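Summary of the model geometry
Listed below are the residues making up each chain.
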Amino acid sequence: MKIAFLGLGSMNGSILHGLQQANLPNTTFVATCHSEASAARAAETYQITVEASGVNPDANLAAIESADVVLIGVKPAQVTGLLSEIAEDLEPKTIVVSVAAAVTVAQMEAVLKPGQPVVRTMPNTPTQVGAGVIGLCAGTNTNAEQLKSVQELLDQAAQTVVVDEAQMDALTGVSGSGPAYVFHFAETLIKAGVEAGLDEQTAQELAIGTIAGAAKMLQQDNADPENLRVAVTSPNGTTEAALRQLAPMGELVEKAVLAARDRAAEISAELD
Ligand SMILES: NC(=O)c1ccc[n+]([C@@H]2O[C@H](COP(=O)([O-])OP(=O)(O)OC[C@H]3O[C@@H](n4cnc5c(N)ncnc54)[C@H](O)[C@@H]3O)[C@@H](O)[C@H]2O)c1
């Protein structure tokens, strides 16, 4: 199997790393970046051939030759331009998989040859450490077997969830952008720990250990976030006092997810 990564930046790199860890038999990886410097950096990191499209204008065409899967990892505004560049040379069997936020199946199919199979995905950065979540949906020319083959491939790098395209922006608001919410919470917990009297290093150690431990408990079989919260909260105790202050958080998180979802829809409209 040949897998081409066009735009081997942070997200595509995380997926490549996951696939490399899986030691897939008979699998070849090739990739491109824009600048010579980023291609050299990526080649060093992943120990594969990475060509620079900014130096070699045929780099993307060479990478897609005979590829089974082409993963598009450029910024949303660059996706259709890149697809237009490769459209005529893609083989009919090649499945085009995009990781870009907000770029719709229709926008991709509009610049590809009729019938080209497309899969739209939304990964997240914990894929870098083997703990990612990837949402995916099929394009209109993608049959169940092709979708399954992409899902099975991505399963090697992350946990996958198939959704309807209509849910993709909501999924982006939860899991695509979600790691940033958790990192932001970690930053504020550390700051609050320092404010409460801890030194910075101790606050960081405690905050990160607590978030990692809580995440591990959430991943246990039959874990229920509400039950886990109740088990920490003694009547009239310290947690209850803290949670009273966090009451507005529910509404804020909902607002955040809806803002991310709506921004994705807005970006899609801007790209039309
Ligand atoms: N970073 C995230 O958390 C995240 C999560 C989910 C999805 N995404 C999506 O992933 C995509 C890439 O984001 P990123 O954060 O990895 O960005 P990035 O800047 O790290 O990577 C983009 C890569 O594309 C390359 N590139 C640009 N033009 C090119 C061209 N014409 N040919 C070949 N390579 C080219 C650049 O050299 C760079 O390596 C975006 O569409 C984004 O919406 C990102």
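Residues numbered from 1 in each chain as written. Predicted model: local features only at pLDDT ≥ 70, side-chain atom pairs only at ≥ 80, totals over all residues. Heavy atoms only, no water.

Right, let's get into the overall build of the chain. Helix and strand content of the chain: twelve helices and eight strands. Along the first, second and third principal axes, the C-alpha set of the chain runs to 65 × 40 × 35 Å. Taken over 272 residues, the chain has a buried fraction of 37%. Intrachain contacts of the chain at a sequence separation of at least 6 include 63% that bridge at least 24 residues. When the accessible surface of the chain is totalled, it reaches about 15,000 Å², and 55% of it is carbon and sulfur. Once the 14 positive and 32 negative side-chain charges of the chain are each reduced to a mean point, those two points are 3 Å apart. (Helix = DSSP H or I, 4+ residues; strand = E, 2+ residues; numbered from the N terminus. Buried < 20%, exposed > 50% of the residue type's maximum accessible area, 1.4 Å probe, protein only. Contact = heavy atoms within 4.5 Å. Areas by Shrake-Rupley, 256 points an atom, 1.4 Å probe, with all protein chains shown as cover. Lys, Arg positive; Asp, Glu negative; His and termini not counted. Charge placed at Lys NZ, Arg CZ, Asp CG, Glu CD.)

Here the focus is a nonpolar patch on the surface. Taken together, the side chains of Phe-185, Leu-189, Leu-243, Leu-246, Met-249 and Val-253 present a nonpolar region at the surface, about 440 Å² in accessible area. Among the secondary structure elements, those contributing two or more residues to the nonpolar patch are helix 8 (178-195) and helix 12 (249-271). Structurally, Met-249 is set in helix 12. On the basis of relative accessible area, Met-249 is assigned to the partly exposed category, the value being 36%. (Patch = residues over 30% accessible without salt bridge, like charges linked within 9 Å, V, L, I, M, F, W, Y side chains within 5 Å. Salt bridge = Lys/Arg side-chain N within 4 Å of Asp/Glu carboxyl O.)

Moving on, we get to the confidence of the model for the chain. For the chain, per-residue confidence averages 97 on the pLDDT scale, and 100% of positions sit at 70 or higher. Both scores are available for the predicted complex, with the pTM at 0.96 and the ipTM at 0.98. (pLDDT = per-residue confidence, 0-100.)

Moving on, we get to the UniProt feature "domain: Pyrroline-5-carboxylate reductase catalytic N-terminal" (unreviewed entry) in the chain. Within this numbering scheme, the UniProt entry marks residues 2-101 as carrying the feature "domain: Pyrroline-5-carboxylate reductase catalytic N-terminal" (unreviewed entry). In residues 2-101, the share of helix is 37% and the share of strand is 22%. The end C-alpha atoms are 24 Å apart. (UniProt positions renumbered as here; feature names shortened; annotations may be inferred.)

With that settled, the discussion passes to the pairing of strand 8 (residues 158-162). Of the strand pairs in this sheet, strand 7 (residues 132-138) and strand 8 are connected by five bridges, and their pairing is parallel. In the strand pairing of strand 8, Gly-132 is matched with Ala-158. Each parallel crossover has a hand, and the one from strand 7 via helix 6 (residues 144-155) to strand 8 is right-handed. (Pairing = 2+ DSSP bridges. Right-handed = clockwise from strand over helix to strand, strands pointing away.)

This part covers the side chain of Asn-60. Along the polypeptide, Asn-60 turns up in helix 3 (residues 59-64). In this structure the side chain of Asn-60 is engaged in a polar contact, spanning 2.7 Å, whose partner is the side chain of Thr-32. Not counting residues up to four positions away in its chain, the partners in contact with Asn-60 are Leu-6, Thr-32, Ser-53, Leu-82, Glu-85 and Ile-86. (Polar contact = N/O pair within 3.5 Å; in protein donor to acceptor, adjacent residues only side chain to side chain.)

Here we take up the pattern of salt bridges. Applying the stated criterion across every chain yields a total of eight salt bridges. The shortest N-O distance in the salt bridge between Arg-120 and Glu-165 comes to 2.7 Å. In this pair, Arg-120 is assigned in strand 6 (residues 118-122) and Glu-165 in the loop between strand 8 and helix 7 (168-176), connecting sequence segments 45 residues apart. Overall, the relative accessible area of 27% leaves Glu-165 in the partly exposed class. Residues Glu-266 and Arg-263 are paired through a salt bridge, measuring 2.5 Å at the closest nitrogen-oxygen approach. One end of the pair, Glu-266, and the other, Arg-263, are both in helix 12, three residues apart, so they sit about a helical turn from each other. Taking the relative accessible area as the measure of exposure, Glu-266 reaches 44% and is therefore partly exposed. Residue Arg-263 is classed as partly exposed on the basis of its relative accessible area, which comes to 36%.

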